[in-house]
Amino acid sequence: MKELKKSKNAWLLAAVIVSVLFVAGIPGIILSAVNGMTFPMVLSIICVAGGFYATPMLWIAYGGKVSLERTLVAIEVDHLYTVQEIAGQRHINIKDAVGQINKLMDKRYLTGYIFNGTELKLNQNQKLSEIKNTVKCPSCGANVEFGGKQGRCPYCGFLVDNKK
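Remember, predicted model here, so these are calculated numbers, not experimental data.

Conventions we followed
Every chain begins its residue count from 1, and numbering advances along the sequence as written. Totals for whole chains, interfaces and linings use every residue, but because this is a predicted model, local features are given only for residues with pLDDT of at least 70 and side-chain atom pairs only at 80 or more, for both listing and counting. Side-chain numbers here rest on the full set of heavy atoms in the structure, without hydrogens or water. Salt bridge, as used here: a side-chain nitrogen of Lys or Arg that lies within 4 Å of a carboxyl oxygen of Asp or Glu. Numbered from the N terminus, helices here are DSSP runs of H or I no shorter than four residues, and strands are runs of E no shorter than two. Between buried and exposed lies partly exposed: a residue is buried under 20% and exposed over 50% of the maximum accessible area for its type, with that area taken using a 1.4 Å probe on protein chains only. Grouping buried Ala, Val, Leu, Ile, Met, Phe, Trp, Tyr and Cys residues that are joined through side-chain atoms within 4.5 Å yields what is termed a nonpolar core. In this analysis, two residues are considered to be in contact whenever any of their non-hydrogen atoms come within 4.5 Å of each other. The axes are straight lines fitted to the C-alpha atoms, using for helices just the contacting stretch, and the angles between their N-to-C directions are given from 0 to 180°. Oblique is the label for any angle not covered by the other classes, which are roughly parallel (under 35 degrees), roughly antiparallel (over 145) and roughly perpendicular (65 to 115). Gly is placed with the polar residues, together with every amino acid not listed as nonpolar (Ala, Val, Leu, Ile, Met, Phe, Trp, Tyr, Cys and Pro) or charged (Asp, Glu, Lys and Arg). Arc definition: directions from the helix axis to the C-beta atoms. Expected span of a helix, by definition, is 1.5 Å for each gap between consecutive residues, and there is one gap fewer than residues. Pairing of N or O atoms within 3.5 Å defines a polar contact, subject to two protein rules: one partner must be a possible hydrogen donor and the other a possible acceptor, and residues neighboring in sequence count only if both atoms are side-chain atoms.

Novice: Outline the pattern of salt bridges, listing residues and values.
Specialist: All told, the structure shown has 4 salt bridges when counted by the stated rule. When the shortest N-O distance is used, the salt bridge between Glu3 and Lys6 registers 3.8 Å. Of this pair, Glu3 and Lys6 both sit in helix α1 (residues 2-34), 3 residues apart, roughly one helical turn. Residue Lys6 is classed as exposed on the basis of its relative accessible area, which comes to 53%. Of the charged contacts in the structure, one is a salt bridge between Lys8 and Glu69, with a shortest N-O distance of 2.9 Å.

As structure tokens, then:
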């Protein structure tokens, strides 16, 4: 959830900055035109033109992150695991709920779950680890546990081979 919040906050900051530049550019054009200053006027025109196009897109992107965050909260905090439950809780249609879950998983904001298209299940698979062998030490008789082909007895230091 931390990565999603960081991304959401970055989009919010960008949207606020561009919105302010858009609005500030309008009086900037007027003041720089009245005073005959070319560079500030060009800069103000760029702020207005860029802000005119970028502001709505940035706010829409921010809203998308907020929506994803709400779906993630429904899963991780409210423990809703079926698409029906998530869609009902969020007041969105099932297609949008599936899309948001897939996006959360694709962006790695939601990990540790398996999604089959209708419900989330906890992923209980574990990383495959090396098989441990237990052999009696021929020197002192202690049990020696090791991975691989050889291990050293922790008591006498004898090198034990796996003879399986």
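Novice: Requested: an account of the environment of Glu145, with residues and values cited.
Specialist: Looking at the element boundaries, Glu145 is found in strand β4 (residues 143-147). Judged by relative accessible area, Glu145 falls into the exposed class, the value being 58%. Distance from Glu145 to Lys132, taken between C-alpha atoms, is 6.5 Å for residues 13 residues apart in sequence.

Novice: Got a sec to walk through the nonpolar core? Specific residues and values, please.
Specialist: Grouped together as the largest cluster of nonpolar side chains are 18 residues, with contacts concentrated most on Ile75, Ile86, Ile101, Leu104, Leu110 and Leu120. Residue assignment for this core shows that the elements contributing at least two residues are α2 (38-76), α3 (83-90), α4 (94-106) and β1 (113-115). Ignoring sequence-local partners within four residues, the contact set of Ile75 consists of Leu80, Tyr81, Ile86, Ile101, Leu104, Leu110, Tyr113 and Leu120. Within the second largest apolar cluster, 7 residues are counted, among which are Val135, Cys137, Ala142 and Val144.

Novice: Would you mind going over the packing of α2 against α4 in detail, with residue names and values included?
Specialist: Viewed as axis vectors pointing N to C, α2 and α4 meet at an angle of 90 degrees, and their least axial separation amounts to 10 Å. One way to sum up the angle between α2 and α4 is to call them roughly perpendicular. On the side of α2, the interface is formed by Ser67, Leu68, Thr71, Leu72 and Ile75, while α4 contributes Gln100, Ile101, Lys103 and Leu104. Considering only residue class, the contact of α2 with α4 consists of 5 nonpolar, 3 polar and 1 charged.

Novice: With reference to specific residues and values, describe α3.
Specialist: Taken residue by residue, α3 has Val83, Ile86, Ala87 and Arg90 as its buried positions. Looking straight down α3, one finds that the buried residues subtend no more than 95 degrees of arc, so they occupy a single side. Tucked inside the fold, the buried residues of α3 contact α2, α4, β1 and β2 (120-122).

Novice: A description of α4 should follow, citing residues and the corresponding values.
Specialist: Counted at 1.5 Å a residue, the expected span for α4 with its 13 residues is 18 Å, and the 18 Å between its end C-alpha atoms agrees. Regarding α4, the residues found buried are Ala97, Val98, Gln100, Ile101 and Leu104. Looking straight down α4, one finds its buried side chains confined to an arc of 165 degrees; they lie on one side. Exposed and oriented more than 90 degrees from the buried face of α4 are Lys95 and Asp106. Contacts from the buried residues of α4 go to α1, α2, α3, β1 and β2. For α4, the side-chain oxygen to backbone nitrogen distance between the N-cap and Lys95 is 3.2 Å, and the N-cap itself is Asn93. Positive backbone phi, at 65 degrees, marks Arg108, one or two positions downstream of α4.

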